[in-house]
Amino acid sequence: MKSPYIVSMSTEYFSPVLFIEDGESIDLDTVQFPYLHNDNGRMVSAREPKGTLIPPAPEVPELNLGTHYRGVKFERTTTGSGDYVCELTNFDFGVDSVVYEPLWATKETAQAFGMTLVPSGDSIDFRYDNMVTCQYTYGAFAGYQSPYLGGGRGRDLLAINATDLEYHNFPHVFCSQDKIPLVISVARFRENKAEIGLADLWVRPGDCLFVTPKLPNKEYVDIHGNRNSAHACWGSDQYSKIVTQTILGNNTDFTTEATKPHYHQEKHPTVHSAPPGWLAG
């Protein structure tokens, strides 16, 4: 006999939470159109440069920004399956929470992580093969997932936002074109010294970040990730997602040994905050 004191419990859920929405991938003709022009946060292919032609920022090894962790432990394994298997570096920073320093993306802060700031109205020389452009929409919770869990859990909403960064030997362009800043997480890892500097670059609307092809040098490797793109939504009830354009390598670049990504993770929770002067709407 059912007890009259037991009340049936219903199951309730939040409305569906957006992680990442992929737009259409469009091939770029970088032979006929060897330049990219920043039109207020939208990179447009061009035959000739417009505005100022921005050269790639020179490498400056002594630049050392961000929150620093020393005595970093790491081991290398692989991730992926089938025809797509890539190197995965598993970090241990030796802390319970990993803090990313919030920095506005400027010429100097971008250069400190191997990137070049391209303001609206200016252009870059972009003579690279196998390039595509794609619009992505990132939700505020896109960082709360892990592509490395396996077992069909790639879209689980997790309780932590862990470190997920990469480098690759093809260029990458991140375009801030929404009403709020685009946030790109970055790091400079000095393997020989077992230390790393971590930051979030807040890219003002209308600006773009250009990442040249990356390989480790003798002193460091610069790594980046964009799953925290919509972090500027936090602290506001007006925004829950951000629209951005990304230019990157096509499937050939992603699967070719010489160019494909090298991934890095650290499993402890991360702490992200806003730079001075930012007030969420």
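To start, this report covers the structure provided alongside it. In this text, all values refer to a predicted model and were calculated from it rather than measured experimentally.

1. Quick word on the sheet that holds strand β4 (residues 43–46)
The strand order across the open sheet built from three strands is β4-β3-β11, with neighbouring strands paired in antiparallel fashion. Looking along the sheet, the strands with just one partner apiece sit at the ends: β4 and β11 (123–125). The sheet shows a mean angle of 30° between the axes of neighbouring strands, taken without regard to direction. Pairing between strand β3 (residues 35–38) and β11: three bridges, direction antiparallel. Counterpart to His37 in the pairing with β11 is Ser123.

2. Some points on the layout of surface pockets
Taken as a whole, the largest pocket encloses approximately 760 Å³ of empty space. Pro147, Glu166, Arg227, Phe254 and Tyr263 are, among the 22 residues lining the largest pocket, the residues nearest its centre. Elements represented by at least two residues in the lining of the largest pocket include exactly β1 (20–22), β12 (131–139), β13 (163–167), β18 (221–225) and β19 (241–249). Ranked by the residues each element gives to the lining of the largest pocket, the list is headed by β13, at three residues. Tallied by class, residues from the lining of the largest pocket come to ten nonpolar, seven polar and five charged. Of the volumes computed, that of the second largest pocket is approximately 190 Å³. Val17, Leu18, Gly139, Ala140, Phe141, Cys233, Trp234, Ser236, Asp237, Tyr239, Ser240 and Lys241 are the residues that line the second largest pocket.

3. Here we look at empty space enclosed by the protein
Rolled over the atoms, a probe sized like a water molecule indicates the empty space that remains. What the rule picks out here adds up to four cavities of 30 Å³ or more. There is about 80 Å³ of room inside the largest cavity. Surrounding the largest cavity, 13 residues form its lining, Asn161, Ala162, Asp164, Ser185 and Asn228 being those nearest its centre. Here the element with the most residues in the lining of the largest cavity is β13; it accounts for three residues. In terms of residue class, the lining of the largest cavity is built from three nonpolar, eight polar and two charged. By volume, the second largest cavity amounts to about 40 Å³. Around the second largest cavity, the lining residues are Leu63, Asn64, Leu65, His68, Ala112, Phe113, Arg188, Arg190, Ile196 and Gly197. When residues of the lining of the second largest cavity are traced back to their parent elements, those giving at least two are β15 (182–190) and β16 (195–203).

Rules of the game
- Residues numbered from 1 in each chain as written.
- Predicted model: local features only at pLDDT ≥ 70, side-chain atom pairs only at ≥ 80, totals over all residues.
- Heavy atoms only, no water.
- Pairing = 2+ DSSP bridges.
- Helix = DSSP H or I, 4+ residues; strand = E, 2+ residues; numbered from the N terminus.
- Axes fitted to C-alpha atoms, helices over the stretch in contact; angles between N-to-C directions.
- 1 Å grid on protein atoms, 1.4 Å probe; cavity = no way out; pocket = protein on both sides within 12 Å on 5 of 7 lines; lining within 4 Å.
- Points joined across faces, edges and corners; volume = space filled by probe spheres on them.
- Nonpolar A, V, L, I, M, F, W, Y, C, P; charged D, E, K, R; others polar.

Such coordinate-based values are descriptive only and should not be taken to indicate function.
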